[in-house]
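# Observations on chain architecture
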Amino acid sequence: MRKLIFLIFLVTVFFSCKEKQKEEVMVVIDETVYLKPELNEKSANYLYHFAFECIDQEYPNKLGQVLGDKTYLKEPSELHPTFYGCFDWHSSVHGHWTLLNIIKKFPNFEHNEAILKKLKTTITKENILKEITYFEDEHNKNFERTYGWAWLLKIAETLQDWDHAEAKLMYADLKPLVEVIEKKYMEFLPKLKYPIRVGEHPNTAFGLSLALDYAKKYAPDLALMISEKAKTYYMNDKGCPVTWEPGGFDFLSPCLQEASLMLKVLSKEEFITWFDAFLPDFRNNPSLYLEVAEVTDRSDGKLAHLDGLNFSRAWCLYEIGKVLNNEKMISLANKHFQYSYEKMDSGEYAGAHWLASFGLYAILKSN
């Protein structure tokens, strides 16, 4: 009998210790503080050099080109005299966007003169007309649809929002290409019956979300079309399988990008109703559904996408969390951001040629 009592005592102590350990672990997790990122002189200095060093780095280069015949074989800088650097066209575009936003935010930034000198070399009337010629080619009319298109419109938004003489001159040169991209959106969206729900470049929600930011200010017909198409595509969506994310090559969250877009086209009350059906319980426990994406090899361009996913998840969580006053979502955004921010400077061009723009966009959304 004494042995039995003693055994029960040991078992009770053992499980009590286990429960105490669990409680202690939970306390550590709950008390972890993830600081909100800030755009200041230090972070601007950290971010600018990635884009500055690559917007005129021609090689290595991934053209994404359709060859009509052998005459199409030309140097990247001949095909794309504005956006030939940073490995591919769209990364060059958002590299330009990165530099423009840094010097816009910091008029006295120590590298402003050098940045402007480069930008005025790439964004010229002659160069932009050559870019348009490429988009008008019968074999490449769908080039960069819609990921690159969206980032081009973000440049247009930045330049038009900025009351600066150099910005006005650059926009005047860029405007003909902006008009081409607007037209391509207007022609393509009525034909796109089903949205593309992947975690990479073709994601429809991403392409619509960034374009809508621009269109609400400067292209009302496009803004109306995007809003209508967003509701057609996504209004009845429920139970998005966010726990299936991420895919191994994702740099966008299909679920969060869709929610980010719907936040922009619905009233707050409508959005809450939609969001709670789309991601049930997510507002209460976002950390149960999303864990920071881990990168195993930053020299592999596809695997390095996951750093971009951490940033894009962060900006979506900032957008939604701020509107809903949800500190849990904002804390989760901070956690995602911090994991990948310092690791951008790994020395691997696979991430260095594009991640600064994603990091900067997340910072801007956090403030």
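This text goes with the structure placed above it.
An account of the accompanying structure is given in this report. Remember, it's a predicted structure, so these values are computed and weren't measured experimentally. (Residues numbered from 1 in each chain as written. Predicted model: local features only at pLDDT ≥ 70, side-chain atom pairs only at ≥ 80, totals over all residues. Heavy atoms only, no water.)

### Looking at the state of the cysteines
Overall, the coordinates contain two disulfides when judged by the stated rule. Shown here is the disulfide that connects C54 with C86, its sulfur atoms set 2.0 Å apart. Because the sign of the S-S torsion sets the handedness, a value of about 85° for the bond joining C54 and C86 places this disulfide among the right-handed ones. With C54 in helix α2 (residues 41-54) and C86 in the loop between α3 (76-79) and α4 (89-105), this residue pair connects regions lying 32 residues apart in the sequence. Residue C54 shares its accessibility class with C86, and that shared class is buried. With its sulfur 2.0 Å from that of its partner, C240 forms a disulfide with C255. (Disulfide = S-S within 2.5 Å. Helix = DSSP H or I, 4+ residues; strand = E, 2+ residues; numbered from the N terminus. Buried < 20%, exposed > 50% of the residue type's maximum accessible area, 1.4 Å probe, protein only.)

### With respect to the nonpolar core
If you look at the biggest cluster of nonpolar residues, it comprises 112 residues, and the most contacted ones within it are L174, L177, Y185 and F275. In terms of residues, this core owes the most to one element, helix α8 (residues 165-188), which gives 10 residues. The contacts of F275, once residues within four sequence positions are left out, are A259, P280, F282, R283, I320, L324 and M329. (Core = buried A, V, L, I, M, F, W, Y, C linked by side-chain atoms within 4.5 Å. Contact = heavy atoms within 4.5 Å.)

### Concerning the side chain of K264
Secondary-structure assignment places K264 in helix α11 (residues 254-265). In this structure K264 comes out as buried when scored by relative accessible area, which is 17%. Here S209 takes part through its side chain, which lies 2.7 Å from a polar atom of the side chain of K264. Each residue touching K264, except ones within four places of it in the same chain, is listed here: S209, L212, D213, K216 and E319. (Polar contact = N/O pair within 3.5 Å; in protein donor to acceptor, adjacent residues only side chain to side chain.)

### A few points about α4
Between its first and last C-alpha atoms α4 spans 25 Å; for 17 residues at 1.5 Å apiece the expected length is 24 Å, and the two agree. The element α4 is largely enclosed, with a buried count of 15 among its 17 residues. (Expected span 1.5 Å × (residues − 1).)

### Description of the pattern of salt bridges
Evaluation of the coordinates by the stated rule reveals 16 salt bridges. When the shortest N-O distance is used, the salt bridge between R197 and D237 registers 2.8 Å. Taken together, the positions of R197 in the loop between α8 and α9 (204-218) and D237 in the loop between α10 (220-234) and α11 put the pair 40 residues apart, joining distant regions of the chain. For R197, a relative accessible area of 41% translates into the label partly exposed. Through salt bridges with shared partners, a single ionic network connects K154, E157, D161, D213, K217, K264, E319 and K365. (Salt bridge = Lys/Arg side-chain N within 4 Å of Asp/Glu carboxyl O.)

### As for the packing of α10 against α11
Running from amino to carboxyl end, α10 crosses α11 at an angle of 130°, the nearest separation of the two axes being 10 Å. Relative to α11, the element α10 lies oblique. The crossing of α10 and α11 is left-handed. Facing S227, A230, K231 and Y234 of α10, the residues of α11 in contact are E258, L261, M262 and V265. (Axes fitted to C-alpha atoms, helices over the stretch in contact; angles between N-to-C directions. Parallel < 35°, antiparallel > 145°, perpendicular 65-115°, else oblique. Left-handed = near helix turned anticlockwise from the far one by under 90°.)

### Details of the packing of aromatic side chains
Per the counting criterion, the structure on display carries 33 aromatic pairs. On the numbers, 6.3 Å between centres and 85° between planes, the contact of W149 with F188 is edge-to-face. Taken together, the residues span a long stretch of sequence, with W149 in helix α7 (residues 147-161) and F188 in helix α8 at a distance of 39 residues. Residues W149 and F188 agree in their burial class; the two are buried. Between W274 and F278, the aromatic rings sit 4.4 Å apart at their centres with planes inclined by 20°, giving stacked as the arrangement. A residue pair is termed a helical-turn pair when its members lie 3 or 4 positions apart in one helix, as W274 and F278 do in helix α12 (residues 268-278) at four residues. The residues W274 and F278 share a single accessibility class, namely buried. Taken together through their ring pairs, the aromatic side chains of W97, Y147, W151, F206, F251, W315, W354, F358 and Y361 make up a single cluster. (Phe/Tyr/Trp six-rings, centres within 6.5 Å; stacked < 30°, edge-to-face > 60°.)

### Looking at helix α6 (residues 125-136)
An ideal rise of 1.5 Å per residue puts 16 Å on 12 residues; α6 measures up with 17 Å between its terminal C-alpha atoms. Along α6, the positions that sit buried rather than exposed are N127, I128, E131, I132, Y134 and F135. For α6, the angular spread of the buried residues around the axis is 155°, confining them to a single face. Counted as exposed and oriented over 90 degrees from the buried face of α6: K125, E126, T133 and E136. Structurally, α6 contributes buried residues whose contacts are with α3, α4, α5 (112-122), α7 and α8. (Arc of directions from axis to C-beta.)

### Let's talk about the side chain of S312
The topology assignment puts S312 in helix α14 (residues 305-324). Not counting the four nearest positions on each side in its chain, S312 is found in contact with F251, L252, S253, Q257 and F358.

### A short note on unusual backbone geometry
Excluding glycine, most residues fall at negative phi; most peptide bonds, likewise, are trans. In this chain, Y59 is followed by P60 through a cis amide linkage whose omega measures 0°. Position of P60 relative to the elements: it lies in the loop between α2 and α3. At the junction of R145 and T146, the peptide bond is cis and its omega measures out at -15° in the coordinates. Within the element layout of this structure, T146 appears in the loop between α6 and α7. In this structure, C86 is a non-glycine residue whose phi angle is positive, near 60°. Under the relative-accessibility criterion, C86 is labelled buried at 0%.

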